[in-house]
Amino acid sequence: MYCRFCTRSYAVGIDTEEVEKVNLKANEERWKQAYAYIRTRPELEDIVISGGDAYQLRAQQLEDIGMSLLDMPNVRRMRFATKGPAVMPQKILTDDAWVDALTRVVEKGRKLHKEVVLHTHFNHPNEITGITEDAMNKLFERGIFVRNQSVLQRGVNDAPETMLLLVKRLGHVNVHPYYVYVHDLVKGVEDLRTSVDTAIYLEKHVRGSTAGFNTPVFVVDAPGGGGKRDAHSYEYYDRETGISVYQAPSVKPGEYFLYFDPLHQLSTHTQRRWQDPAEQQVMVDDALSKAKARLR
Ligand SMILES: *Cc1c(COP(=O)(O)O)cnc(C)c1O
């Protein structure tokens, strides 16, 4: 399986016509440098093991990473990120060494009162089969909690019925629907992006259909390092130009973060404005000044 929409597609697979790939192989020397860094930063409490896929780690590597992090007093929580359960749930039913290694890390964490969970990536209800259910039941019986992060994709999961069924099936296999992302600005996948407006529309349909704690948060991860923002929480959103403006007071106070709806969802007139760099600047400046005018 090759996810061309992946926000980390810059490091997955071989070079394509669009993207020259970064090589990020499992590298124990690099991990040691990461451990040394994490150990010196008491504010690092929550560690995401990602940027590759935990499914690709050998059992021993997974256990080494987990135990090394659990050893650090500052580390309180960690998540192993993997697309695996949505692609190859069979591994969980057959690769005992891998599942046992994960179980040992989770159990050690539990004794230390530290949370170790799995984060995965189902996007569509059709990805959840009877095999998925068996695999997730096995993890559930071992007390391994799984959260899901979906990516909104046009024509794939951007209809209310699809998102409602996804959330229902995730709940059925005890996977917590944590986030639904508005698609990152990934090169070469404009056809798959949706607007902030679509995310807000979907959230409205999903909320109320099940328990509040099983309702995903629809988020925008705007460029610039402000982190994920609740799609609803924009300071200003112009549905005509497709520009939304966010703030992240606890991450980067005083800064503004912009997200841009895909051009194909805008009027022909506005699409033409986006072709002109001077007009682009006018639209961006207008959005920023209106966001800044929203005084508290
Ligand atoms: C999503 C994400 C995290 C974790 O964010 P949470 O809101 O705590 O789930 C951390 N680092 C990066 C780069 C991320 O994209």
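Residues numbered from 1 in each chain as written. Predicted model: local features only at pLDDT ≥ 70, side-chain atom pairs only at ≥ 80, totals over all residues. Heavy atoms only, no water.

### A short note on the overall build of the chain
Thinking step 1. The helix and strand tally for the chain stands at 10 helices and 10 strands.
Thinking step 2. Scaling as 2.2 N^0.38, a compact globule of 296 residues should have a C-alpha radius of gyration of about 19 Å, and the chain matches this with 21 Å.
Thinking step 3. Dimensions of the chain, computed from C-alpha atoms along their principal axes, come out at roughly 60 × 45 × 45 Å.
Thinking step 4. For the chain, the share of sequence-separated contacts (at least 6 apart) that also reach a separation of at least 24 residues comes to 73%.
Thinking step 5. A total accessible area of about 15500 Å² is found for the chain, and carbon and sulfur atoms account for 52% of it. (Helix = DSSP H or I, 4+ residues; strand = E, 2+ residues; numbered from the N terminus. Rg over C-alpha atoms; globule rule 2.2 N^0.38 Å. Contact = heavy atoms within 4.5 Å. Areas by Shrake-Rupley, 256 points an atom, 1.4 Å probe, with all protein chains shown as cover.)

### Thoughts on the sheet that holds strand β8 (residues 236-238)
Thinking step 1. Strand order in this open sheet of 3 strands is β8-β9-β10, and the pairing throughout is antiparallel. Where the open sheet ends on each side, the last strands, each with one partner, are β8 and β10 (256-260). Pairwise comparison of adjacent strand axes, ignoring direction, gives a mean angle of 20 degrees for this sheet.
Thinking step 2. Relative to strand β9 (residues 243-247), β8 runs antiparallel, the two being bridged by 3 bridges. When the sheet's bridge partners are listed, Y236 is paired in β9 with V245. (Pairing = 2+ DSSP bridges. Axes fitted to C-alpha atoms, helices over the stretch in contact; angles between N-to-C directions.)

### Regarding a nonpolar patch on the surface
Thinking step 1. Nonpolar side chains collect at one region of the surface, where M1, V87 and M88 lie side by side and expose about 310 Å² of accessible area between them.
Thinking step 2. Considering the arrangement of structural elements, one finds M88 in the loop between α3 (84-87) and α4 (90-94). (Patch = residues over 30% accessible without salt bridge, like charges linked within 9 Å, V, L, I, M, F, W, Y side chains within 5 Å. Salt bridge = Lys/Arg side-chain N within 4 Å of Asp/Glu carboxyl O.)

### A closer look at the layout of surface pockets
Thinking step 1. Estimates place the volume of the second largest pocket at around 170 Å³.
Thinking step 2. Taken together, I38, L44, D46, I47, V48 and R79 form the lining of the second largest pocket.
Thinking step 3. By residue number, the principal contributor to the lining of the second largest pocket is strand β1 (residues 46-49), which donates 3 residues.
Thinking step 4. Its residues assigned to classes, the lining of the second largest pocket shows 4 nonpolar, no polar and 2 charged. (1 Å grid on protein atoms, 1.4 Å probe; cavity = no way out; pocket = protein on both sides within 12 Å on 5 of 7 lines; lining within 4 Å. Points joined across faces, edges and corners; volume = space filled by probe spheres on them. Nonpolar A, V, L, I, M, F, W, Y, C, P; charged D, E, K, R; others polar.)

### Side note on helix α1 (residues 28-39)
Thinking step 1. Helix length check: α1, at 12 residues, gives a terminal C-alpha distance of 16 Å against a target of 16 Å (1.5 Å per residue), a fit within 8%.
Thinking step 2. Against the buried residues of α1 lie β1 and α2 (59-70).
Thinking step 3. In this structure N27 caps α1, since a side-chain oxygen of it lies 3.0 Å from the backbone nitrogen of E29. (Expected span 1.5 Å × (residues − 1). Polar contact = N/O pair within 3.5 Å; in protein donor to acceptor, adjacent residues only side chain to side chain.)

### Some points on the pattern of salt bridges
Any two side chains of opposite charge can pair, so long as their charged atoms come close to each other.
Thinking step 1. Overall, the coordinates contain 16 salt bridges when judged by the stated rule.
Thinking step 2. Ionic pairing is found between D197 and R239, a salt bridge with its closest N-O pair at 2.8 Å. Pair noted here: D197 is in helix α8 (residues 196-206) and R239 is in the loop between β8 and β9, with a separation of 42 residues, a long-range link.
Thinking step 3. Owing to a relative accessible area of 43%, R239 belongs among the partly exposed residues under this scheme. (Buried < 20%, exposed > 50% of the residue type's maximum accessible area, 1.4 Å probe, protein only.)

### A few points about the site of the ligand
Thinking step 1. Within the structure, the ligand sits among R79, Y178, Y179, Y181, D221 and K228.
Thinking step 2. Y178 places a side-chain nitrogen or oxygen 2.6 Å from an oxygen atom of the ligand.
Thinking step 3. Between the ligand and Y179 there is a distance of 2.5 Å, counted from an oxygen atom to a side-chain nitrogen or oxygen.
Thinking step 4. For the shell around the ligand, the per-class residue count stands at 3 nonpolar, no polar and 3 charged. (Near = heavy atom within 4 Å.)

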